[in-house]
Amino acid sequence: MPLKIFGKAQRAPSAQESIIKLQETLEMLAKREEYLQKKVGSELSLAKKYAVVDRRKAMMALKRKNTYEGQIEKLSGAQLTIEQQLMTIEGAHVSLEAMNAMRMGARTMQTIHNHMTVDQVDDTMDDIREQMEVAAEINEAISQPLGGELYDELELEEQLAELEEEAKQENRIGATKREASQQSSNTQIENLPPVPDSKLLEEQEFQNLQAEMMGMNF
């Protein structure tokens, strides 16, 4: 709805435009407050400086400080009002967006349901069940053996028994070969000549050498 300001109709700003404008105003007020805080500190320093040497200058500095503090207080009130207004608009904007989304979803569901009724769904489900039953019957028919049993259970049992007997026979032959190989290894070890003792050989050689020396003396 257009607004009339000074006799001219203007378009009402959108929520996003108002939010941006309020945020910019808050930034401007914050910078202004920072500037005034510096002025307050400066005037306070002057008041302290001239408190003893020049009372008139000290009083003027205090007056300016109080003026700046009054402006800061007004800015703080304006900032609080703008912040409250900003939060209210943001909340309303979020609610509006949520409502628009839900309204769009409702229209989409309505469009979908215009092309689909409960009776149509029931008919479709009946068709699916019928086709699933047909598929089950076809699978059962395909799985049936042709001309009775393809394999004779008794013949399979006989083949299995033969394989078991062959495996047992191979195990017995392998065990016999291992036993014979072990006995042969033990026999070869027993027939090896004994390893001479090095100490006994040295003693024998020493005795022989003594005997030779005694023979030479005589």
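Computed from a predicted model, the values in this text were never measured in an experiment.

Asker: Could you give an account of the side chain of Lys65, with specific residues and numbers?
Answerer: Position of Lys65 relative to the elements: it lies in helix H2 (residues 55-114). Beyond its immediate sequence surroundings of up to four residues, Lys65 is in contact with Val40, Glu43 and Leu44.

Asker: Give me H2: which residues, what numbers.
Answerer: Its 60 residues give H2 an end-to-end C-alpha distance of 88 Å, which sits within 8% of 88 Å, the value for a rise of 1.5 Å per residue. Residues of H2 that are buried: Ala58, Ala61, Lys65, Tyr68, Ile72, Leu75, Gln79, Ile82 and Leu86. The secondary structure elements touched by the buried residues of H2 are helix H1 (15-50).

Asker: With reference to specific residues and values, describe the nonpolar core.
Answerer: By size, the foremost hydrophobic cluster in this structure holds 11 residues: Ile19, Leu22, Leu26, Leu29, Leu36, Val40, Tyr68, Ile72, Leu75, Ile82 and Leu86. Those elements that place two or more of their residues in this core are H1 and H2. Setting aside anything within four residues of it in sequence, one finds Leu86 in contact with Ile19, Leu22, Gln23 and Leu26.

What counts and what doesn't
- Residues numbered from 1 in each chain as written.
- Predicted model: local features only at pLDDT ≥ 70, side-chain atom pairs only at ≥ 80, totals over all residues.
- Heavy atoms only, no water.
- Helix = DSSP H or I, 4+ residues; strand = E, 2+ residues; numbered from the N terminus.
- Contact = heavy atoms within 4.5 Å.
- Expected span 1.5 Å × (residues − 1).
- Buried < 20%, exposed > 50% of the residue type's maximum accessible area, 1.4 Å probe, protein only.
- Core = buried A, V, L, I, M, F, W, Y, C linked by side-chain atoms within 4.5 Å.

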